[in-house]
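Each chain, written out:
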Amino acid sequence: MDNTSLLYLVKRDFKRERKRFIGALWSIFIATSLLFLLLSLGLGIRSYVIEKILSRLPSNQIIVRSKPLDLMGVSFSSSKSSGLNNNKVKEYESWKEIKKVYKQADAAFPVHVYGKLIKSYYGSDAIIVGYDSEYLASGQDWEDKFKYEPGKPVPVVASSTLLEIYNEAFASANNLPRLTEKDIIGRELFLDLGKNSLRRAEDYSPLNVKGVIIGFSNISTIFGASVPLEYVLKWNKMFGMKDNNYSALILEVTKPEYVDEVVSRIKDTGYRVESNLELSRRLTTLTRVMIGILLILGLLFLFLSLINLVNIFRLIVNERKREVALFRSLGASIKDIISLFVLESALLGLAGSIAGILSGLVFSLIAQKYLLAALPSFPFKPLYLFTFSPLAALLIIAGTIVLCVISPFSIFVKSASSDPAKHLG
Amino acid sequence: MIELKGINFSYSANRIFSNLNLEIKESCICSLVGRSGIGKSTFLYLIGGLLKPESGEVVVLGKNLDKENDISLSNYRNTTVGFIFQHFHLIDTLTVKENILIPHLFSRKAAGKEAALERLDMLVRELKIEDLVDRYPDSLSGGERQRTAIARALLNNPQILLADEPTGNLDSDSTEKILNILHAWQKDETSKSGRLLLMVTHDKNIAGKADRKLELSEDGLRDIDG
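These numbers come from a predicted model, not from an experiment.

Calculation criteria
Residues numbered from 1 in each chain as written. Chains lettered and ligands numbered in written order. Predicted model: local features only at pLDDT ≥ 70, side-chain atom pairs only at ≥ 80, totals over all residues. Heavy atoms only, no water. Helix = DSSP H or I, 4+ residues; strand = E, 2+ residues; numbered from the N terminus. Rg over C-alpha atoms; globule rule 2.2 N^0.38 Å. Buried < 20%, exposed > 50% of the residue type's maximum accessible area, 1.4 Å probe, protein only. Contact = heavy atoms within 4.5 Å. Buried area = accessible area lost by both parts, 1.4 Å probe. Salt bridge = Lys/Arg side-chain N within 4 Å of Asp/Glu carboxyl O. Polar contact = N/O pair within 3.5 Å; in protein donor to acceptor, adjacent residues only side chain to side chain. Core = buried A, V, L, I, M, F, W, Y, C linked by side-chain atoms within 4.5 Å. Patch = residues over 30% accessible without salt bridge, like charges linked within 9 Å, V, L, I, M, F, W, Y side chains within 5 Å. Areas by Shrake-Rupley, 256 points an atom, 1.4 Å probe, with all protein chains shown as cover. Lys, Arg positive; Asp, Glu negative; His and termini not counted. Charge placed at Lys NZ, Arg CZ, Asp CG, Glu CD. Domains from an automatic or database assignment. Expected span 1.5 Å × (residues − 1). Bend = angle between axes of the 7 residues up to and from the residue. Phe/Tyr/Trp six-rings, centres within 6.5 Å; stacked < 30°, edge-to-face > 60°. Axes fitted to C-alpha atoms, helices over the stretch in contact; angles between N-to-C directions. Left-handed = near helix turned anticlockwise from the far one by under 90°. Pairing = 2+ DSSP bridges. pLDDT = per-residue confidence, 0-100.

Focus on the overall build of chain A
Reasoning step 1: When helices and strands are counted, chain A shows 15 helices and ten strands.
Reasoning step 2: Taking 425 residues into account, the globule formula puts the C-alpha radius of gyration at 22 Å, and chain A, at 33 Å, lies well above it.
Reasoning step 3: Projected onto its principal axes, the C-alpha coordinates of chain A cover approximately 110 × 50 × 35 Å.
Reasoning step 4: Residues counted as buried form 46% of the 425 residues belonging to chain A.

Below, the structure written as structure tokens:
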């Protein structure tokens with residue numbers, strides 16, 4: 001049978017069986033629409049996780065801390081007994097897997113920060129963390145300002161995340177204006193070192209230091225001020241710390257594949273190790289599981305539509321037994337009959353999946369618009385819910401066609417190869 | 001033209017033919033009679049390549065049907081033999097013209113649609129159904145339906161026509177007309193290689209007009225006198 005004849009018969013069957021085929025199309029349409037919608041939602045979550053979280057975590061960095069957990073800079077004991085000193089820095093620098101070692105020191109004394117914001121003074125207990133300039137400031141606009149200069153206001157870097165939290169939670173809840181980085185950079189603030197609202201340092205009188213906000217960073221401490229390392233080391237000495245221990249060392253490995261090995265070696269020496277790679281892996285796995293669940297849910301709908309398709313073809317084939325037998329007596333081969341049914345089911349899959357994807361796209365765009373508008377502002381509120389992948393759409397179309405052909409295929413073969421004499425009477 | 005050698009055939013556990021033999025050497029009108037359920041239709045389907053015997057050989061025009069694959073057998077049914085059924089087996093959703101053209105849809109010959117349409121025009125004129133081509137089968141009389149079925153069977157110009165009680169559902173007037181058409185087709189002298197009309201019938205008068213008369217019974221197949 002040539003293609004013209006095949007298409008002629010398919011056209012005739014679509015006309016004759018239009019009610020049943022519309023039923024099959026409808027179920028494929030709904031299933032592929034839901035599948036595309038759920039998959040786009042899964043991909044949207046994945047993009048959000050990658051953009052908002054994973055992209056901020058350099059995968060080749062490892063943070064080494066002393067074993068006891070240091071909470072909000074309240075603990076004095078951690079840095080004293082950390083053992084993370086210059087000797088340790090030298091040791092790590094000698095490892096071939098390690099490219100660079102950055103130092104971090106947390107203030108070992110209470111701190112209160114205050115400053116003029118809008119028209120009033122606001123203050124809060126905070127932590128001060130000192131970072132290697134090279135680590136925190138490298139590549140930033142304010143790189144040259146983030147340095148130790150005695151006698152000048154202390155350069156302070158704030159967290160971009162803190163600004164986001166202020167704008168999306170604090171400002172909207174207290175009817176305060178939203179602020180941009182530009183509104184804040186250059187503002188003065190004051191650091192009360194040695195006292196906060198809970199306690200006061202025993203060994204030294206509190207000291208008031210003037211600071212200036214020079215910029216924002218994603219990697220600085222969230223609920224506090226980040227300053228050049230030298231300031232914190234100096235203040236820690238003033239508040240009674242005898243040695244020059246660091247709170248943490250940030251190791252940059254030469255290649256991400258060395259991370260696991262280095263983490264394992266350091267853990268064996270009794271330190272607490274945080275690796276971005278490990279966190280990335282956990283988040284990636286979590287995202288994959290979520291996409292997997294959504295995909296399974298979508299495939300379940302597709303499976304139900306295929307059951308419907310198989311039942312429809314079972315009915316059609318059953319009713320067309322005599323016609324198939326007649327076609328066979330007039331010269332149709334088994335292959336001709338199978339081709340006819342396969343083309344019909346493939347066209348149903350193609351039309352149903354294309355319509356389903358288009359409707360899924362339109363529905364998700366509408367849902368995204370209204371859901372995002374309806375959701376209140378909150379920190380890290382996503383800008384989008386769905387991510388549309390042309391590859392996913394093509395895969396759904398191709399997969400639906402294949403499944404539409406495979407699912408009822410045994411019925412087609414059985415019908416085409418059944419005994420024609422039996423049905424001709 | 002046709003040779004059946006030692007044919008054995010069963011439907012499930014029911015033995016239909018045991019060591020059935022037949023030879024039809026020349027083109028002729030051949031009738032087959034026998035009681036209901038004896039296997040007359042099965043006999044036609046074996047010759048038409050729709051059924052395969054358990055053992056034995058069906059040789060038609062020198063072709064051993066048992067050794068042919070599905071494509072070759074389909075081609076054989078499309079071009080060498082034509083089937084006519086008692087219940088016509090027309091497709092109700094197709095017009096007379098579309099029904100007649102069905103064998104062309106499965107044709108593997110190079111001849112295109114133009115040739116098929118020319119042949120259709122000739123057949124509908126000869127069978128006097130040229131005014132019915134755009135009508136649907138449910139609006140036709142029994143005789144008109146059978147003439148449509150005959151036109152369909154003859155579209156690809158077969159050499160053998162297998163007719164399974166072609167007048168079984170027709171009144172006497174229509175029966176006469178259909179028989180005349182079939183006899184005229186077989187006797188057509190323009191056919192170079194000769195034609196065979198193998199017709200199953202219950203009607204002894206119809207059977208009596210055949211060149212060769214066969215009877216199928218539990219004892220097998222035998223020639224009977226007119």
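Considerations on the interface of chain A and chain B
Reasoning step 1: Of the residues lining the interface, 26 residues belong to chain A; the matching set on chain B comes to 25 residues.
Reasoning step 2: Together, the buried faces of chain A and chain B total about 2,300 Å²; carbon and sulfur atoms form 61% of this surface.
Reasoning step 3: At the boundary of chain A and chain B, one finds one salt bridge.
Reasoning step 4: Ionic pairing is found between B:Asp70 and A:Arg328, a salt bridge with its closest N-O pair at 3.2 Å.
Reasoning step 5: Where chain A packs against chain B, one counts eight residue pairs in polar contact (both at pLDDT 80 or more).
Reasoning step 6: Elements represented by at least two residues in the side of chain A that touches chain B include exactly α1 (3-16), α11 (321-329), α12 (334-374) and α15 (420-424) of chain A.

Regarding the nonpolar core
Reasoning step 1: With 84 residues, the main nonpolar core has B:Ile2, B:Leu4, B:Phe17, B:Phe43 and B:Ile47 as its most contacted residues.
Reasoning step 2: The greatest single-element share of this core, amounting to nine residues, is contributed by helix α10 (residues 276-319) of chain A.
Reasoning step 3: A:Ile98, A:Tyr166, A:Trp235 and A:Phe239 belong to the second-largest nonpolar core, a separate cluster that totals 49 residues.

Considerations on a positive patch on the surface
All names here are of chain A.
Reasoning step 1: Where like charges cluster on the molecular surface, the positive patch consists of Lys11, Lys15, Arg18 and Lys19.
Reasoning step 2: Elements supplying a minimum of two residues to the positive patch: α1 and α2 (18-53).
Reasoning step 3: Summarising the element assignment, Lys15 is placed in helix α1.

Some remarks on the domain arrangement of chain A
Buried accessible area, meaning the area lost when the parts come together, often serves as the stated size of an interface.
Reasoning step 1: When the domains of chain A are assigned, the result is domain 1 (3-54 + 283-424) and domain 2 (61-254).
Reasoning step 2: A straight line from the C-alpha centre of domain 1 of chain A to that of domain 2 of chain A covers 56 Å.

Brief notes about helix α6 (residues 160-173) of chain A
Residue and element names in this part refer to chain A.
Reasoning step 1: Given a rise of 1.5 Å per residue, 14 residues ought to cover 20 Å, and the 19 Å separating the end C-alpha atoms of α6 matches this to within 8%.
Reasoning step 2: Where α6 bends most, the angle comes to about 40°, and this point is Tyr166.
Reasoning step 3: Check the buried side of α6 and you find it contacts α2, β5 (154-159), α7 (181-184) and β7 (207-217).
Reasoning step 4: Capping the start of α6, Ser159 holds a side-chain oxygen 3.1 Å from the backbone nitrogen of Thr161, two or three residues further along.
Reasoning step 5: Asn175 sits one or two residues past α6 and shows a positive phi near 60°.

A few points about the packing of aromatic side chains
The geometry of an aromatic ring pair comes down to the distance between the two centres and the angle between the two planes.
Residues and elements named next belong to chain A.
Reasoning step 1: Counted according to the given criterion, the structure contains 19 aromatic pairs over all chains.
Reasoning step 2: With 5.3 Å between their ring centres and 25° between their planes, Trp26 and Phe29 make a pair best called stacked. Here Phe29 and Trp26 lie together in helix α2, a separation of three residues that amounts to about one turn.
Reasoning step 3: What makes Trp26 exposed here is its relative accessible area of 53%.
Reasoning step 4: A relative accessible area of 21% means that Phe29 is categorised as partly exposed.
Reasoning step 5: Pairing Phe341 with Phe412 gives two aromatic rings, centres 5.2 Å apart and planes at 15°, and the pair type is stacked. On the criterion of sequence distance, the pair formed by Phe341 in helix α12 and Phe412 in helix α14 (residues 409-416) is long-range, its members being 71 residues apart.

Points about the environment of A:Ser280
Residue and element names in this part refer to chain A.
Reasoning step 1: On the secondary structure map, Ser280 appears in helix α10.
Reasoning step 2: Residue classification places Ser280 among the buried residues on the basis of a relative accessible area of 11%.
Reasoning step 3: Distance from Ser280 to Leu54, taken between C-alpha atoms, is 6.0 Å for residues 226 residues apart in sequence.
Reasoning step 4: Once residues within four sequence positions are removed from consideration, Ser280 is found in contact with Leu54 and Leu57.

Structural notes on the packing of α10(A) against helix α13 (residues 390-406) of chain A
Residue and element names in this part refer to chain A.
Reasoning step 1: Running from amino to carboxyl end, α10 crosses α13 at an angle of 35°, the nearest separation of the two axes being 10 Å. Crossing of α10 against α13: the hand is right-handed. Only Thr400, Leu403 and Cys404 of α13 make contact with α10, whose side of the interface consists of Leu302, Leu306 and Leu309.

Considerations on the sheet that holds strand β6 (residues 81-84) of chain B
All names here are of chain B.
Reasoning step 1: If you trace the six strands from one edge of the open sheet to the other, you get β6-β7-β8-β3-β9-β10, paired in mixed fashion. The open sheet is flanked by β6 and β10 (220-223), the only strands paired with a single partner. Taking the axes of each pair of neighbouring strands and ignoring which way they run, one obtains an average angle of 20° across the sheet.
Reasoning step 2: Sheet analysis places strand β3 (residues 29-33) next to strand β8 (residues 196-200), joined by four bridges and oriented parallel. Note that in β8 the partner of Ile29 across the bridge is Leu197.
Reasoning step 3: Lying on the sheet, helix α1 (residues 40-47) is in contact with β3, β6, β7 (160-164), β8, β9 (212-217) and β10; it crosses β7 at an angle near 160°.
Reasoning step 4: Its contacts with the sheet put helix α6 (residues 142-154) on β6 and β7, and the angle it makes with β6 is roughly 165°.

Points about the sheet that holds strand β5 (residues 63-64) of chain B
Residues and elements named next belong to chain B.
Reasoning step 1: Read from one edge to the other, the open sheet built from four strands follows the order β2-β1-β4-β5, with strand pairing classed as antiparallel. Two strands in the sheet have a free side with no partner beyond their single neighbour: β2 (14-24) and β5.
Reasoning step 2: Bridging between strand β4 (residues 55-60) and β5 involves two bridges; their strand directions are antiparallel. Each residue of the ladder has a partner; that of Val59, found in β5, is Asn64.
Reasoning step 3: Strands in contact with α1 are β1 (2-11), β2 and β4; relative to β1, the strand with the most contacts, it is inclined by about 125°.

A closer look at the confidence of the model for chain A
Residues and elements named next belong to chain A.
Reasoning step 1: For chain A, the mean per-residue pLDDT works out to 86, and 95% of the residues sit at or above 70.
Reasoning step 2: Ranking the elements of chain A by mean pLDDT puts helix α3 (residues 77-80) last, at 46, and α13 first, at 94.
Reasoning step 3: Of the regions scoring below 50 in pLDDT, residues 75-80 engages in 14 contacts with residues more than four places distant in sequence or in other chains.

Notes on the pattern of salt bridges
All names here are of chain A.
Reasoning step 1: Tallying each qualifying case throughout the model produces 28 salt bridges over all chains.
Reasoning step 2: Of the charged contacts in the structure, one is a salt bridge between Glu97 and Lys96, with a shortest N-O distance of 3.4 Å.
Reasoning step 3: A relative accessible area of 4% places Glu97 in the buried class.
Reasoning step 4: With its nearest N and O atoms 3.8 Å apart, the salt bridge here joins Arg320 to Glu323.
Reasoning step 5: On the accessibility criterion, Arg320 (3% relative accessible area) is buried.

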